[in-house]
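Descriptive structure summary
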Amino acid sequence: MGRAKVVVLTGAGISAESGVPTFRDADGLWEGHRVEEVATPEAFEAHPHVVHRFYDARRAALAGVDPNPAHHALADLEAVLGDDLLVVTQNVDDLHERAGSTRVHHMHGHLRSARCLACGARTVWHDDLAHGPACPTCGEPTLRPDIVWFGEVPHGMDLIEEALADAELFVSIGTSSMVYPAAGFVVAARHHGARTLELNLDRSAASSVFDETRHGPASLLVPAWVEEMLVTEGGRL
């Protein structure tokens, strides 16, 4: 993907306004399971069918949600900045892509991707996995959700670290700043001299670290910020 002068980190807050379900009951459980119990390699090894059903439901739910103005605004920004923008998302939905963004890195994986445990191939996947379909590459029935589970290393950390080192501006949108390594990105960006901005519904655990924070719904804050950026970039052209 190359380097980026603007790095945007997005979290659950940007997708929440699109109505992406959390799949947690009022007691925080899914069918009696803590979500952490269906989001680990150990859980998949012990109860693969249960884990598959959880992610099959989440994958199917994507058909019922659409990108919101925040997603569309970031796509508009990419249309101007091109390769100078990188969106790093903690989200596993495809709302950025459906809004038109192409410079998106899914550090926690993607619901519409499957990874084969036999050959390692990744495949675009829209259907269920619980019935044990064959890997399109090697034919083995060993596909798993291409999701970074608890205890696994996020995808593409080298790419992210390189982008943060080169960024002039780091923007965090809709994140709690409590989940590492993403929570440490603002510190890394500041260390390399980037200006930092937080757009979040409320104060996060890292709000005090940012140069500037703005609080409110992502669907309002992000389009307003992007409009500011587009005016600035227009003046440079």
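No experiment lies behind these values; they were computed from the predicted model shown.

This paragraph deals with the sheet that holds strand β7 (residues 122-124). Judged by pairing direction, the sheet is antiparallel, and its 3 strands sit side by side in the order β7-β6-β8 without closing on themselves. What marks the edges here is a single partner per strand, and that holds for β7 and β8 (143-147). Between one strand axis and the next, the sheet turns by 45 degrees as a mean value, whatever way the strands run. The pairing of strand β6 (residues 109-116) with β7 spans 3 bridges and is antiparallel. When the sheet's bridge partners are listed, S113 is paired in β7 with V124. The strands touched by helix α3 (residues 48-61) within the sheet are β6 and β8, with β8 carrying the most contacts at an inclination of about 55 degrees.

Applying the stated criterion across every chain yields a total of 4 aromatic pairs. With a centroid separation of 4.9 Å and 85 degrees between ring planes, the pair formed by F54 and Y55 is classed as edge-to-face. Each of the two residues, F54 as well as Y55, counts as buried. Relative to W149, the ring of Y55 lies with its centre 6.2 Å away and its plane at 45 degrees, an arrangement referred to as tilted. Here W149 lies in the loop between β8 and α6 (157-166) and Y55 lies in helix α3, a separation of 94 residues in the sequence. You'll find Y55 and W149 in the same group, each marked buried. Feature note: the residues F44, F54, Y55 and W149 constitute an aromatic cluster, connected by ring pairs. Stacked on the ring of W149, the Lys or Arg R144 has its end atom at 3.8 Å from the ring centre.

If you look at the biggest cluster of nonpolar residues, it comprises 22 residues, and the most contacted ones within it are V8, L74, V171, I173, L199, V222 and W225. Within the residue set of this core, elements represented by two or more residues are β1 (6-10), α4 (69-81), β4 (85-89), β9 (169-173), β10 (195-200) and α8 (218-236). Of the residues forming this core, the biggest block, 6 residues, is contributed by α8. When residues no more than four places from it in sequence are discounted, the contact partners of L74 are V8, T10, I14, L85, H96, S101, I173, V222, W225 and V226. In this structure, V7, L86, A163 and A189 belong to the second largest nonpolar core, which totals 18 residues.

Another aspect to go through is unusual backbone geometry. The residue after Y180, namely P181, is reached through a cis peptide bond having omega 10 degrees. By the element assignment, P181 lies in the loop between β9 and α7 (185-191). Phi at S177 is positive, roughly 60 degrees, even though this residue is not glycine. Its place among the elements puts S177 in the loop between β9 and α7.

Rules used in this analysis
- Residues numbered from 1 in each chain as written.
- Predicted model: local features only at pLDDT ≥ 70, side-chain atom pairs only at ≥ 80, totals over all residues.
- Heavy atoms only, no water.
- Pairing = 2+ DSSP bridges.
- Helix = DSSP H or I, 4+ residues; strand = E, 2+ residues; numbered from the N terminus.
- Axes fitted to C-alpha atoms, helices over the stretch in contact; angles between N-to-C directions.
- Contact = heavy atoms within 4.5 Å.
- Phe/Tyr/Trp six-rings, centres within 6.5 Å; stacked < 30°, edge-to-face > 60°.
- Buried < 20%, exposed > 50% of the residue type's maximum accessible area, 1.4 Å probe, protein only.
- Lys NZ or Arg CZ within 6 Å of the ring centre and 35° of its normal.
- Core = buried A, V, L, I, M, F, W, Y, C linked by side-chain atoms within 4.5 Å.

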